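One-letter residues, chain by chain:
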Protein chains: 2
Amino acid sequence: MTTTRRSLCLSAGVAAASPLASAADPPFTSIFEVFARRQSVRRYKPDNVPDEHIRQIINAARMPPTTMNQQPWKFLVVRDREKIGRMRARTFEIIEKRVEEAKAKNPPPDLEARFKAAREMTDGYFTAPVYVVVLVDKQCPYPDYALKNDGPLAAGYLMLAARALGYGTVYLTDGIPESVSREVLAIPDRYHRVCMTPIGIPDLWPEPKPKKDLKELIAYETL
Amino acid sequence: MTTTRRSLCLSAGVAAASPLASAADPPFTSIFEVFARRQSVRRYKPDNVPDEHIRQIINAARMPPTTMNQQPWKFLVVRDREKIGRMRARTFEIIEKRVEEAKAKNPPPDLEARFKAAREMTDGYFTAPVYVVVLVDKQCPYPDYALKNDGPLAAGYLMLAARALGYGTVYLTDGIPESVSREVLAIPDRYHRVCMTPIGIPDLWPEPKPKKDLKELIAYETL
């Protein structure tokens, strides 16, 4: 799927780079470039991400506004291949169960094609060398704000920081079901999972998705 | 309140700048600096923010991941002083009502001091030249994801983009109650308000808040 896509670096007119340089691609000249060149990455190279980079990424992820400075976050870093393999197996079990359920209920003609795509995507999610689970502690002073605001804000910063260092991420909610990560990683109930993301060098940077016209999204004074 | 605070620019060792330059302060050399130097700003100078900057900020705000590329956002830009004045008056009515309610119920000894601080903060919120209300459309394909993920992610990007251009913001939820903005700005029910933020040149950049040690927030393999 990804092999037919042109790299975003190339399409943006940046010189083609060696495999390693294309990973930790160029120092961005502006944060606006980082915004524009972050894409959801669904397949990774196995190359290691140094722990120093993970710490730098998580250090950035704790800087968004947080209600009354409560800082309710936990960032769970997972590299253990055995655990990653178990999450993969459990996620595939869930997909196959859904296939069987769908087959039993008057399935659409493209059912097989859809599940083939879902399997390929899921397979890609488990190719990264490292994962970060973004959690918020329900025992913080303002748990409702933590879930609604502090949590996703931190995840947004995390993805941008990773992109700035040349890594891909993808904001996974259903992609790796919460129940699977909770079970395999033994995440206590007191933590709410915001999302989890692989971090790694993309197999390829995907093409940017088509976007609505900016004018559709801005309103002045009234809706 | 803010006059006793040292500017973050100065404390970060950046040369003192003229009033205008301190606003649109230096081109950042790295996104990590932007993360670190965004602070919640609670009082603004009246200087204009050009519409070109507002568009650049909102253009960045629509670039986070969005479930199935649904892009459920609306960014409502408000500069009308009459509307801003009405939101201010309505917000103060709510505060004064809360003071009366608190007084009627065995109030704590520092009640007056607390409400003095709340009034000063609220007064500051209404000093900016322009406001952006971040909304998501409940009629999008995946409204639940829009509320939980797409919405706050866009607000996070928006604040970073504003900071990169030298402006302050503050992620307001209760600071300007949703009911107030909904009434004065005639926001239809189909839109969920994520937050609203003033955008402007800070009266002063606040000192960074004390933060937990990074080690408290990271866990490896298990919690």
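Residues numbered from 1 in each chain as written. Chains lettered and ligands numbered in written order. Predicted model: local features only at pLDDT ≥ 70, side-chain atom pairs only at ≥ 80, totals over all residues.

Details of the overall build of chain A
When helices and strands are tallied, chain A shows nine helices and four strands. Its helices and strands in sequence order give chain A the pattern α-α-α-α-β-α-α-β-α-α-β-α-β, from N to C terminus. Evaluated residue by residue, chain A yields a buried proportion of 41% over its 223 residues. Long-range pairs, those at least 24 residues apart, make up 84% of the contacts in chain A with a sequence separation of at least 6. (Helix = DSSP H or I, 4+ residues; strand = E, 2+ residues; numbered from the N terminus. Buried ≥ 20, exposed ≤ 12 C-beta atoms within 10 Å, placed from the backbone. Contact = placed C-beta atoms within 7 Å.)

Looking at the relation of the copies chain A and chain B
Note on the identical chains: chain A maps onto chain B by a rotation of 180 degrees and an axial translation of 0.0 Å, with an RMSD of 0.0 Å. In the structure described here, the two chain copies are related by an operation that fits a two-fold rotation axis. Of the residues that chain A buries at the interface, 98% are likewise interface residues in chain B, meaning the two copies contact each other through the same surface. (Least-squares fit on C-alpha atoms with pLDDT ≥ 70 in both.)

Considerations on the interface of chain A and chain B
Across the contact, 48 residues belong to chain A and 48 residues belong to chain B. Of all the elements in the fold, those that place two or more residues in the side of chain A that touches chain B are helix H3 (31–37), helix H4 (51–61), strand S1 (73–78), helix H7 (143–164), helix H9 (214–217) and strand S4 (218–220) of chain A. Grouping the amino acids of the side of chain A that touches chain B by side-chain chemistry returns 33 nonpolar, seven polar and eight charged. (Nonpolar A, V, L, I, M, F, W, Y, C, P; charged D, E, K, R; others polar.)

Describing unusual backbone geometry
Residues and elements named next belong to chain B. Even without being glycine, methionine 68 reaches a positive phi, approximately 50 degrees. If you trace the backbone, methionine 68 turns up in the loop between helix H4 (51–61) and strand S1 (73–78). One non-glycine residue, asparagine 69, adopts positive backbone phi at about 55 degrees. Structurally, the position occupied by asparagine 69 is in the loop between H4 and S1.

Topic: the environment of B:Val49
All names here are of chain B. As for its placement among the helices and strands, valine 49 is situated in the loop between helix H3 (31–37) and H4. Valine 49 gets classed as buried once you count the C-beta atoms within 10 Å, which come to 24. In this structure the C-alpha to C-alpha distance between valine 49 and tyrosine 167, which are 118 residues apart in sequence, comes to 8.6 Å. The residues touching valine 49, leaving out its near neighbours within four places in the chain, are Ile54, Pro129, Val130, Tyr167, Ile199 and Gly200.

Some points on the nonpolar core
Counting 114 residues, the largest nonpolar core has A:Val134, A:Leu158, B:Val134 and B:Leu158 as its most contacted members. Residues contacting A:Leu158, with those up to four places away along its chain left out, are A:Ile57, A:Ile58, A:Ala60, A:Ala61, A:Val132 and A:Val134. (Core = buried A, V, L, I, M, F, W, Y, C linked by C-beta atoms within 7 Å.)

Looking at the sheet that holds strand S3 (residues 191–199) of chain B
Taken together, the four strands give an open sheet; going across it, the order is S4(A)-S1(B)-S2(B)-S3(B), and neighbouring strands pair in mixed fashion. At either end of the open sheet lies a strand with only one pairing partner, and these are S4 of chain A together with S3 of chain B. Neighbour-to-neighbour, the strand axes of this sheet turn through a mean angle of 25 degrees, independent of strand direction. Where S4(A) lies against S1(B), three bridges are found, and the strand directions are parallel. Its bridge partner lying in S1(B), A:Ile218 is registered against B:Phe75. Its contacts with the sheet place helix H7 (residues 143–164) of chain B against S1, strand S2 (130–137) and S3 of chain B, and it is angled at close to 155 degrees to S2(B). (Pairing = 2+ DSSP bridges. Axes fitted to C-alpha atoms, helices over the stretch in contact; angles between N-to-C directions.)

Considerations on the packing of helix H5 (residues 81–104) of chain A against helix H6 (residues 111–125) of chain A
A packed helix pair is summarised by two numbers, namely the angle formed by the two axes and the spacing between the axes. All names here are of chain A. The interhelical angle for the contact between H5 and H6, taken along N-to-C directions, is 175 degrees, at an axis separation of 11 Å. Considering the angle they form, H5 stands roughly antiparallel to H6. Residues Thr91, Phe92, Ile95, Val99, Ala102 and Lys103 of H5 pack against Leu111, Phe115, Ala118, Arg119 and Thr122 of H6. Tallied by class, the residues present in the contact of H5 with H6 amount to seven nonpolar, two polar and two charged. (Parallel < 35°, antiparallel > 145°, perpendicular 65-115°, else oblique.)

Re the pairing of S2(B)
All names here are of chain B. Taking burial as the measure, the eight residues of S2 include seven buried ones, the bulk of the element. Where S1 meets S2, six bridges bridge the pair, whose relative direction is antiparallel. The residue of S2 that forms the bridge with lysine 74 is leucine 135. Inspection of the sheet shows S2 paired to S3 by eight bridges, in the antiparallel sense.

Digging into H7(A)
All names here are of chain A. Counted at 1.5 Å a residue, the expected span for H7 with its 22 residues is 32 Å, and the 30 Å between its end C-alpha atoms agrees. H7 sits mainly inside the fold: 19 of its 22 residues count as buried. Downstream of H7 by one or two residues, glycine 166 has phi in the positive range, about 95 degrees. (Expected span 1.5 Å × (residues − 1).)

What about the confidence of the model for chain A?
All names here are of chain A. Per-residue pLDDT for chain A has a mean of 89; in total, 88% of the residues score no lower than 70. Low pLDDT (under 50) marks residues 1–24, which in the prediction has 31 contacts with non-local residues, meaning those over four places away or in another chain. Overall fold confidence for the complex sits at a pTM of 0.88, while the interface term, ipTM, reaches 0.88. (pLDDT = per-residue confidence, 0-100.)

Points about the pairing of S1(B)
With six of six residues buried, S1(B) is to be regarded as a mostly interior element. Of the two faces of S1(B), the one carrying B:Trp73, B:Phe75 and B:Val77 and the one carrying B:Lys74, B:Leu76 and B:Val78 are both buried.

What about the sheet that holds strand S3 (residues 191–199) of chain A?
On the basis of which strands lie adjacent, the open sheet formed by four strands has the order S3(A)-S2(A)-S1(A)-S4(B) and mixed pairing. Of all strands in the sheet, those bounded by a partner on one side alone are S3 of chain A together with strand S4 (218–220) of chain B. For this sheet the average axis-to-axis angle between neighbouring strands, irrespective of direction, equals 25 degrees. Packing against the sheet, H4(A) makes contact with S1, strand S2 (130–137) and S3 of chain A together with S4 of chain B, and its axis sits at approximately 160 degrees to S1(A).

Quick notes on the packing of H7(A) against H7(B)
At their nearest, the axes of H7(A) and H7(B) sit 8 Å apart, and the two run at 65 degrees to each other. Judged by the sense of rotation from one axis to the other, the crossing of H7(A) with H7(B) is right-handed. Across from A:Lys148, A:Asn149, A:Pro152, A:Leu153, A:Gly156 and A:Tyr157 in H7(A), the residues of H7(B) making contact are B:Lys148, B:Asn149, B:Pro152, B:Leu153, B:Gly156 and B:Tyr157. For the contact of H7(A) with H7(B), the class distribution of residues is six nonpolar, four polar and two charged. (Left-handed = near helix turned anticlockwise from the far one by under 90°.)

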